[in-house]
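# A closer look at the structure
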Amino acid sequence: MEKIILITGGGRGIGAACAIEAAQRRYRVCISYRSDDAAAAGVVDAITTGGGAAFAIKADVADEAQVEAMFRAIDGRYGRLDALVNNAGVLSQQMRVDQMDAARIQRIMATNIVGSMLCAREAVRRMSTRHGGAGGGIVNVSSRAGVLGAAGEYVDYAASKAAMDALTIGLSKEVALEGIRVNGVRPGLIHTDMHASGGEPGRVARLAASVPMGRGGQPAEVAQAVLWLLSEAASYTTGSFIDVSGGR
Ligand SMILES: NC(=O)c1ccc[n+]([C@@H]2O[C@H](COP(=O)([O-])OP(=O)(O)OC[C@H]3O[C@@H](n4cnc5c(N)ncnc54)[C@H](OP(=O)(O)O)[C@@H]3O)[C@@H](O)[C@H]2O)c1
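Overview of the structure.

Analysis parameters
Residues numbered from 1 in each chain as written. Predicted model: local features only at pLDDT ≥ 70, side-chain atom pairs only at ≥ 80, totals over all residues. Core = buried A, V, L, I, M, F, W, Y, C linked by C-beta atoms within 7 Å. Buried ≥ 20, exposed ≤ 12 C-beta atoms within 10 Å, placed from the backbone. Helix = DSSP H or I, 4+ residues; strand = E, 2+ residues; numbered from the N terminus. Contact = placed C-beta atoms within 7 Å. Pairing = 2+ DSSP bridges. Axes fitted to C-alpha atoms, helices over the stretch in contact; angles between N-to-C directions. Near = placed C-beta within 6 Å. Nonpolar A, V, L, I, M, F, W, Y, C, P; charged D, E, K, R; others polar. Expected span 1.5 Å × (residues − 1). Arc of directions from axis to C-beta.

### So, the nonpolar core
Membership of the largest hydrophobic core comes to 62 residues, with the highest contact counts inside it found for I5, C18, A19, V29, I31 and V226. Broken down by element, this core gets its largest block of residues, eight residues, from helix α1 (residues 13-24). Beyond its immediate sequence surroundings of up to four residues, V226 is in contact with C18, V85, V139 and V185. Judged by nonpolar contacts, the second largest core, of ten residues, contains L91, A145, Y157 and M194.

Following this line, the structure appears as structure tokens:
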């Protein structure tokens, strides 16, 4: 039976690369996104044109009602869920902590950590053997920023990613006997549009020399780690992290 995967923020960047890779591994793919209808439709088209199965749901992960509706839509379509990639994430204009207001910090936390926890909750309710599910896998897309701190750029974002790592560790232990493995991937500097939302589209190029491997990464390189963690090849791996960062 083909497995069902939900990838939040699958319309662009790392999430889109995960969707393409998942389809190649014969998952039926659901991607979510917040606003860019055309980008999400493009990912669905690319998968279905290649003979795979995919659909997109517009849902803000920071909104509990929209998250619940999204999971109900998957229930209605497939009646099961095997894998969740908590990938949707945002950052804001680069600034110091002493310049940040509460609204900005709350927006980052609402999407990156509250949204990830809500999606994890809904996934566990469907996948856990304790709830009658058949087990499954969760991968949280964190960031090396959660370890490095992103000083002078976006410490709020880094803090949200450190919280995501704690979610990975704690949830992995909660559900280890319920057929669910929970792991994290921490990308480094990856070539996506995200850096433009911090006000510096060329950030990866500027910092490439600080990466031991001397370059930024591609979304497809992150997707390989995500899909490996969800695969049977990682059957004894839970509560673990893969840094996909060129050594940074
Ligand atoms: N790029 C990097 O260097 C890097 C490094 C470390 C970690 N990461 C992490 O990797 C993940 C993906 O990043 P990326 O660079 O691929 O970002 P991206 O290119 O900006 O794409 C972000 C995706 O997330 C969706 N999204 C944003 N907010 C959402 C919300 N509230 N609800 C639902 N979907 C939402 C966007 O939807 P729309 O298309 O509709 O806007 C888009 O599909 C993030 O968690 C990020 O923190 C990235």
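Resuming the write-up.
### Focus on the sheet that holds strand β1 (residues 4-7)
Sheet strands associate in pairs through backbone hydrogen bonding, adopting either a parallel or an antiparallel arrangement. Taking strand neighbours across the sheet as the criterion, the seven strands line up as β3-β2-β1-β4-β5-β6-β7 in an open arrangement whose pairing is parallel. The two strands at the open ends of the sheet, each matched to only one other strand, are β3 (54-58) and β7 (241-244). The sheet shows a mean angle of 15° between the axes of neighbouring strands, taken without regard to direction. As judged from the six bridges shared by strand β5 (residues 136-141) and strand β6 (residues 180-187), these two strands associate in the parallel manner. When the bridges of β6 are listed, N140 appears paired with G184.

### So, the site of the ligand
By nearness alone, 30 residues border the ligand, and G9, G13, G89, T192 and M194 come closest of all. Of all the secondary structure elements, the ones that give two or more residues to the shell around the ligand are α1, β2 (28-33) and α4 (102-127). No other element matches the three residues that α1 contributes to the shell around the ligand. In terms of residue class, the shell around the ligand is built from twelve nonpolar, 13 polar and five charged.

### Looking at the environment of R206
Considering the arrangement of structural elements, one finds R206 in helix α8 (residues 203-207). Here R206 falls in the exposed class, since 12 other C-beta atoms lie within 10 Å of it. Residues R206 and I105, spaced 101 residues apart in sequence, show a C-alpha to C-alpha distance of 26 Å.

### So, unusual backbone geometry
Phi is positive for R26, which is not a glycine, with a value near 70°. Among the structural elements, R26 can be located in the loop between α1 and β2. On the neighbour-count criterion, R26 (12 C-beta atoms within 10 Å) is exposed. Phi at A150 takes a positive value of approximately 55°, unusual for a residue other than glycine. Overall, the presence of 20 C-beta atoms within 10 Å leaves A150 in the buried class.

### So, α1
The end-to-end C-alpha distance of α1 is 17 Å, a good match for the 16 Å that twelve residues give at a rise of 1.5 Å each. Within α1, eleven of the twelve residues are buried, leaving the element largely enclosed by the surrounding structure. Restricting attention to buried positions, one finds in α1 the residues G13, I14, G15, A16, A17, C18, A19, I20, E21, A22 and A23. Of the residues flanking the end of α1, it is R26, one or two places downstream, whose phi is positive at about 70°.

### Considering helix α3 (residues 64-78)
Here α3 spans 21 Å end to end across 15 residues, near enough to the 21 Å set by a 1.5 Å rise per residue. Those residues of α3 lying buried are V67, M70, F71 and I74. Each buried residue of α3 sits inside an arc of 90° when the element is viewed along its axis, so together they form one side. Residues of α3 that are exposed and point over 90 degrees away from its buried face: A65, A69, R72 and G76. Elements in contact with the buried residues of α3: β1, β2, β3 and α4.

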